[in-house]
Amino acid sequence: MKVSNRLTLSRVIAAPLLILIYFIPEWLDCRNGTIIPIISVALSIPLLAMAELTDYLDGHFARKYNEVSDFGKLFDPFADVFLHLSMFTCFVFSGYLPVILYVLIFFREFGQNFLRMVAAKQGTAIAARKGGKLKTVFYVISCFVALAQESLVRTGLVSILGIQEAMPVFLYIGWFFFGICVLLAYVSFVDYLKNFGSVIKELI
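Residues numbered from 1 in each chain as written. Predicted model: local features only at pLDDT ≥ 70, side-chain atom pairs only at ≥ 80, totals over all residues. Heavy atoms only, no water.

### Topic: the side chain of S69
- Here S69 shows up in the loop between α2 (35–64) and α3 (70–94).
- In this structure the side chain of S69 is engaged in a polar contact, spanning 3.1 Å, whose partner is the backbone nitrogen of G72. (Helix = DSSP H or I, 4+ residues; strand = E, 2+ residues; numbered from the N terminus. Polar contact = N/O pair within 3.5 Å; in protein donor to acceptor, adjacent residues only side chain to side chain.)

Right, dumping it as structure tokens:
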């Protein structure tokens, strides 16, 4: 397997691991501030950071080693969506991501996936465009904003620092970033439709 595709694959592997690490404290009914919830965030943050880093590295090595391919153009965005929807699912259960925003993101990503499949059938591989890349940047930021909030809770720092009253403010900030994600997701989707929607028209 090519180096770039191995890096992309690592995001697919990281997604279920992150879900497992995120929910273990809840499944074991662990109290916040105890060792298992602390370990969960201590593992989640660097694992997510490394997974996100591979999104840059796979493209870098693909260009460096001349590994750019139609498969990579499809596999890379698939891995991104797989990772981010996995994390977003965690945040929905924890209340950091409103269900309606999650559903809108879910619909957009599956719509985009359908467009990529139709284009691939027509012999066109849809690579990420600038709008899609900007959307992904905000997906990443939103993930870390939500994970930072959960880290404060799980480590017990909310009580230690006495910032209970500030947590709703942090929550609204997180919702704001997720709202930006939805906006950018649909703006970029419209851009993809404008540029590649013709492949669908040829089939209907």
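### Quick notes on the nonpolar core
- Formed by 28 residues in total, the largest nonpolar core has its most connected members in Y22, L48, F88, F91, L97, I105 and F178.
- Only α1 (3–27), α2, α3, α4 (99–121), α5 (130–154) and α7 (167–196) provide two or more residues apiece to this core.
- In contact with F88, not counting residues within four places along its chain, are L97, Y102, I105, Y139, C143 and F178.
- Counting residues in hydrophobic clusters, the runner-up holds 7 residues, among them L115, A119, F196 and V199. (Core = buried A, V, L, I, M, F, W, Y, C linked by side-chain atoms within 4.5 Å. Buried < 20%, exposed > 50% of the residue type's maximum accessible area, 1.4 Å probe, protein only. Contact = heavy atoms within 4.5 Å.)

### Observations concerning the side chain of T54
- Summarising the element assignment, T54 is placed in helix α2.
- Setting aside residues up to four positions removed in sequence, T54 forms contacts with L7, S10 and R11.

### Notes on the packing of α1 against α5
- Running from N to C, α1 and α5 cross one another at 30 degrees; their axes reach a closest spacing of 13 Å. By the angle between their axes, α1 is roughly parallel relative to α5. Of the two possible hands of crossing, α1 and α5 adopt the one that is left-handed. Here I21, Y22 and P25 of α1 come into contact with α5, specifically with L147, E150 and R154.
- Of the residues in the contact of α1 with α5, the class split is 4 nonpolar, no polar and 2 charged. (Axes fitted to C-alpha atoms, helices over the stretch in contact; angles between N-to-C directions. Parallel < 35°, antiparallel > 145°, perpendicular 65-115°, else oblique. Left-handed = near helix turned anticlockwise from the far one by under 90°. Nonpolar A, V, L, I, M, F, W, Y, C, P; charged D, E, K, R; others polar.)

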